[in-house]
Every structure is written in structure tokens, then in C-alpha cells.
Amino acid sequence: MSLNKPRRRWSEFAIEAGIRVLGFSSIGFVLLIFLFLLREGLPLFFEVPLGNLFSTRWYPTFDLFGILPLTLGSILVTITAIAIAVPLGVASAVFVREVAPGWAREILKPMIEVLAGIPSVVLGFFGMTLLAPFIRETLGVATGLTAFTGALILAYMALPTIISVAEDALDAVPKSYRDAGLAMGATQWQTIWRVVVPAARSGMVMAVMLGMGRAIGETMAVMMVTGNAARMPLTLDSLFRPMRTMTATIAAEMGEVAQGSTHYHALFGIGIILFVLTFIINLAAASTIFKRRRRGGLR
Amino acid sequence: MDRYLVQRAGFALLGLMALMVVLPILLVIGTIVVQGGGAISWEFLSAMPRDGMKAGGIFPAIVGTLLLTLGTALVAIPIGVGGAVYLAEYARDTWLTRAIRLAIINLAGIPSVVYGLFGLGLFVLFLQFGTSILAGALTLAIMTLPIIISAAEEALRGVPTEFRTVSISLGGTRWQGIRRVVLPQALPGIITGVILGLLRAAGETAPILFTVAAFFLPRLPQSPFDQTMALPYHLYVISTQVPGMPLQIQFGTALVLLILVLSLNVLATSIRSYFRRRRQW
């Protein structure tokens, strides 16, 4: 009997080559997506002067393609959502990981998975039929379909991401850190906020960024509850007025435009902006993981 | 101030905030169950919509969503699991592998409506599939890929290295070890990830807006090149585009979608916890 390596059959070569191809397919898909966005969106920049693009009025029927109100709308809604979601998310993660008794954890974790699974159109429907009337009455505004309503729904949609990433970050803090904190005479509360959470800092930052990426790209729920008025959010009360985001604009208008028209190219142009924006956010989030790896796993 | 008092107050505050996360979830599910429960009947589930969707059932939307999910599974499972096998078993830590990981993170972060644009540009127009189940399933499949790849890779990495060493020491090739030993051991984790990915696809609206969805089509699709109604899009249509829609039908549709998605969710988590308990290593 020979001690050679077992002979590989040709079929095995084929399978392993196939797996290699599948492994690289993700890169291919990202490139393909970007390519097709460019293909359909780039003509916009030759058809519409830049002054028009960066103006304050989005009114495609009159050839006004100002993306500023949409961009600011997305930013306003996202920032508000994150401002609501981050304290709730970090507190929940700390509660689940550091404080909660076993039974509470058994309830909380599946609930958060359920939240992650609820389709955005269902949340949008809930927001439209129940949350919006509630907000109209309690705040005494003209309509409940406001940027704030959207931000509230978005906050809950970003929560599962924020909680699970933050929890992983807390999980990775060695137990010895906690022991050391307690041995110094600190209470568990002090140890959590002065030792454990600071040690999990980079993971927390990543949680916030991924949550932000999720919020800025959310479409259906936002479209259904923000009222879809493309106006500049410049005054303080804009938060409680109807608003329009980039994602909602694409979803609402793509069905009605003629293929190849300037309006059609403009919607793909917004798609390019969204793609680049989420790309940057995710790149930043990913770089915190890679940096952490280089430091040898210790956060 | 007594620092143990501070601690107790702090813990109570944390608990309260966790409660603020959980209560709205219960509120959403509870309201939809209570308000939509009355709409559910055999006719609602199995009949075609009538009277401009204001009466009858949502059968074609249910079938459409099931077909789309099936199509997504057929495309996304082989690509996703294959990609995960490469990352977990073959890839070395090179810049190319890091590029793959970066691509996966970015795929996961691309907004769903941008997937819709991409599907419209590539599948519907460029490849001329038209607005069809095929175009929609392909779009949803690419969107689902990062979820499946990450979950399957994690499951594969969870299988101890000894399993591979033993397989090779018995004279098996690398692929034999993966196929006969590693994959079966990782299967429960992979299945859980696949289901979680598919339920995301089943509930998505934005990617199918311009690639599949039919506003009103009271018949079943005959081929992959047909349009179809789908539950999430149908819910969007009847709650925003049709004036005078009976509220009960809207809630009923939301409930059916919710039940479909949440039962998949429960299935995935119970598979995971069942096999985690039975695992020998």
C-alpha cells in the first residue's frame, strides 16, 4: 500500500473549482450592482446641470431634480432614529448581557429576534393606521405622517442590529476585566460603565454605525409613515412635519417613470448616492473589526 | 449617596429601557392579531380577490410569496453555502479573502430599494426577463446571500478541527471530509441561517416593487416569466393605494404575512436550540 496522498478524482477538482468561484461571487455581485446603477444613473449628470441637481426643489414634472431636500430628509430621519435607538439598544444589550436574570434573558432575546423578522411593510402599516393618529392627537399637529413618526419606526427597526452587535462586543470582554473591577471594590454598576463598556467601545461604535446603515436604507416603513413631502427640513419644527427620504422617492416614483427618461436616470442617480453612502458606512464599520483583529482579539 | 442604591436604581432603569424595547413589539403583534383575526377565514386564504380587492381572498398573493421564496431558495442556497464552504474551509487570510468579506458586509448593507433598482436594470431590462418571478427571485436571492453566507460560515467554523484531521487521517480527501463529515455536522446551523435569510426575502417589498409585483392579478402565475401578486406588496397596495379599503382586510393581510414570517422564525430558532442541546461536542 502506498502512503501517497489519496488520488483526487476529476469530479473533485471540478467541485473545488466551483466552490472557489462561489466564494468569489460576492465580490462579483457588489461590482455588478454598482455597474448597473452607474449604467442607468450616470446619464443624469449629462442631462441635468449640477446647479439644478444641488438645488432645493425636487419637482420632476417641471424638470427640477434638486436632491437636497431628499438627502436632508434621509439624514434628519436617520439621525433622529439613531438618537432614539442607541440609548435603548445599548441599555438593552447591557441589561441582557450583564444584569438580567436568566428568565428575562430567555424572553428578551427571542423577542428581539421576532422584531428583526417583522417585515418593514407590516411596521409601516402599523405606523400608518395606529401610530400616526396617536402622534397627531398627542402632539396636536396637522398630520401624524411626520419625520418623527418615521424616525420612531426606524429606531425600532435598527434596534435588533444595534443590540446584537453591542451584545457581541460585551461578550468579547474577558471575564477577568469584570473580576478586576469588582476586586477593586467597585460595584457591579461601576464596573459595567467604567470597565466593561469602555473595553467594548469599538464594538459599540460598530453597532451604532451598522444601525445607521440599516436606518438610512430602510424604504417601505419610511415611505408609508413620513408623509412624502419633498421639502427642505430647515426649521425646528420640520421633525413634526411631512418629509421625504431618498429611499422613499425611488420606491414611490419608479413605477411611474418612462424608462430612459431624465426622471428615470435621476432615480438611479439617487440609488448611486445611497449605494456609496452605505458603502462608506459599512467600510467604516468593517475597519473597526479589522483593526480589532490586528490587536490580537483583545478589545 | 449610597453607591449600592445607585446600582439598584441603575439596574431598574436598564430594565425599564429593555421593557421599552419589548412592549412596542408586543403591542404591534397584539394589535394585528386582534384586529386581523376576524378577517381570517377559509375563503380569505383560498379565494381570489373580488370587487377591486375589497372582498374575497388573498390566495394569489400567498401563492406568489411562496413561489418567490422558493425561487430565492433555489438560487441563494447553493451559492450561499458554496461561498461559505470556500470561506470556512479553503480560504487563507489574504487580501483577496478580506475583499470577499468586505463585499459580503457591503451586500448586507445595501438598501433593499437599491436591490430593486439593480434587479430592474439587470434582470428586467438588460437580460429581458421582464417583470417576472424569475427577475424577482434572482434579486431577492442576491439580497439574501450575505445572511446565508455568514450563518453557514459560522456553522462550519463551529465544527471542531479534529473532525477534519480524523477524516484526512483515514485517507479521505479534503472534499470528502467536508462533504461526509463537516457539512452534516454543520447542517442544523446552516438550515437555521437559510430560514432566517428566506424569511427576510419573504417579507421584503422594495426589491420586488419594480421586478415582479403585480398590483392586481386574480390568477395564478403559469411560468417563471409571469408576474405575480405577493403578500408584502399587496399589503402596501391595499393600505396606501386603494381608497375605501375595509380595515379588517388590511389587518387580515398583515396578520397572514406576520404569521408566515414568524412561524419561519420560530422554526429556525427551534432547530437551532434543539440541535445545540443534542450536540456531542
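Nothing here was measured: the structure is a model prediction, and the numbers come from that model. (Residues numbered from 1 in each chain as written. Chains lettered and ligands numbered in written order. Predicted model: local features only at pLDDT ≥ 70, side-chain atom pairs only at ≥ 80, totals over all residues.)

1. Overview of the overall build of chain B
Along chain B, the regular secondary structure elements total 11 helices and two strands. Going from N to C terminus, chain B has its helices and strands arranged as α-α-β-β-α-α-α-α-α-α-α-α-α. In terms of overall dimensions, chain B has a C-alpha envelope of 70 × 70 × 35 Å along the principal axes. Relative to its 281 residues, chain B shows a buried fraction of 51%. Look at the contacts in chain B between residues 6 or more apart in sequence, and 76% of them connect residues 24 or more apart. (Helix = DSSP H or I, 4+ residues; strand = E, 2+ residues; numbered from the N terminus. Buried ≥ 20, exposed ≤ 12 C-beta atoms within 10 Å, placed from the backbone. Contact = placed C-beta atoms within 7 Å.)

2. Re the overall build of chain A
Helix and strand counts for chain A stand at 13 helices and two strands. Overall size of chain A, expressed as C-alpha extent along the three principal axes, is 75 × 65 × 35 Å. Expressed as a percentage of contacts within chain A between residues at least 6 apart in sequence, the contacts between residues at least 24 apart total 76%.

3. Structural notes on unusual backbone geometry
Residues other than glycine seldom take positive phi values, yet Asn 228 of chain A does so here, at roughly 55 degrees. As for its placement among the helices and strands, Asn 228 of chain A is situated in the loop between α11 (220–225) and α12 (246–253). Accessibility expressed as a C-beta count within 10 Å gives 19 for Asn 228 of chain A, which makes it partly exposed. Of note, Gln 128 of chain B is a non-glycine position whose phi angle comes to about 55 degrees, a positive value. Relative to the assigned elements, Gln 128 of chain B resides in the loop between α5 (112–126) and α6 (133–158).

4. Some thoughts on the interface of chain A and chain B
Taken together, the contact between chain A and chain B spans 70 residues of the former and 72 residues of the latter. Ranked by residues supplied to the side of chain A that touches chain B, first place goes to helix α1 (residues 10–41) of chain A with 20 residues. Broken down by class, the residue content of the side of chain A that touches chain B amounts to 45 nonpolar, 18 polar and seven charged. (Nonpolar A, V, L, I, M, F, W, Y, C, P; charged D, E, K, R; others polar.)

5. Let's talk about the nonpolar core
If you look at the biggest cluster of nonpolar residues, it comprises 190 residues, and the most contacted ones within it are Val 94, Val 122, Leu 154, Ala 158, Ile 162 and Ala 166 of chain A together with Ile 148 of chain B. Every residue in contact with Ala 166 of chain A, bar those within four places of it in the chain, is listed here: Gly 89, Val 90, Ala 93, Gly 203, Met 204 and Ala 207 of chain A. (Core = buried A, V, L, I, M, F, W, Y, C linked by C-beta atoms within 7 Å.)

6. Some points on the packing of helix α4 (residues 68–99) of chain A against helix α7 (residues 147–171) of chain A
Residues and elements named next belong to chain A. The geometry of α4 relative to α7 is characterised by a closest axis approach of 6 Å and an angle of 35 degrees between their N-to-C directions. For the crossing formed where α4 meets α7, the hand is right-handed. When its residues are assigned to classes, the contact of α4 with α7 shows 24 nonpolar, four polar and four charged. (Axes fitted to C-alpha atoms, helices over the stretch in contact; angles between N-to-C directions. Left-handed = near helix turned anticlockwise from the far one by under 90°.)

7. As for α7 of chain A
Across its 25 residues, α7 of chain A extends 35 Å between first and last C-alpha, which sits within 8% of the 36 Å expected from 1.5 Å per residue. When the local axis directions of α7 of chain A are compared, the greatest deviation, roughly 35 degrees, occurs at Ala 158 of chain A, which is followed within four positions by the proline Pro 160 of chain A. (Expected span 1.5 Å × (residues − 1). Bend = angle between axes of the 7 residues up to and from the residue.)

8. Describing the environment of Thr 161 of chain A
Residues and elements named next belong to chain A. Structurally, Thr 161 can be placed in helix α7. Sequence-wise, Thr 161 and Arg 214 are 53 residues apart; in three dimensions their C-alpha atoms are separated by 8.1 Å. Leave out the neighbours within four places in its chain, and Thr 161 touches Leu 210, Gly 211 and Arg 214.

9. Some points on the confidence of the model for chain A
In this model, chain A carries an average pLDDT of 88, and 94% of its residues clear a pLDDT of 70 or more. Every residue in residues 295–299 of chain A is under pLDDT 50, and counting partners more than four places away or in other chains gives eight contacts. (pLDDT = per-residue confidence, 0-100.)

10. Structural notes on the confidence of the model for chain B
Summary statistics for chain B give a mean pLDDT of 90 and a share of 99% for residues scoring 70 or more. Model confidence for the complex: the whole-complex pTM is 0.91, and ipTM, which rates the interface, is 0.91.

11. Considerations on the environment of Thr 139 of chain B
Residues and elements named next belong to chain B. Locating Thr 139 in the fold gives a position in helix α6. The exposure class of Thr 139 is buried, given the 31 C-beta atoms found within 10 Å. Considering only alpha carbons, one finds Thr 139 and Gly 158, 19 residues apart in sequence, at a separation of 30 Å. Excluding anything up to four places from it in sequence, Thr 139 contacts Tyr 115, Gly 116, Phe 118, Gly 119, Phe 123, Pro 207 and Thr 211.

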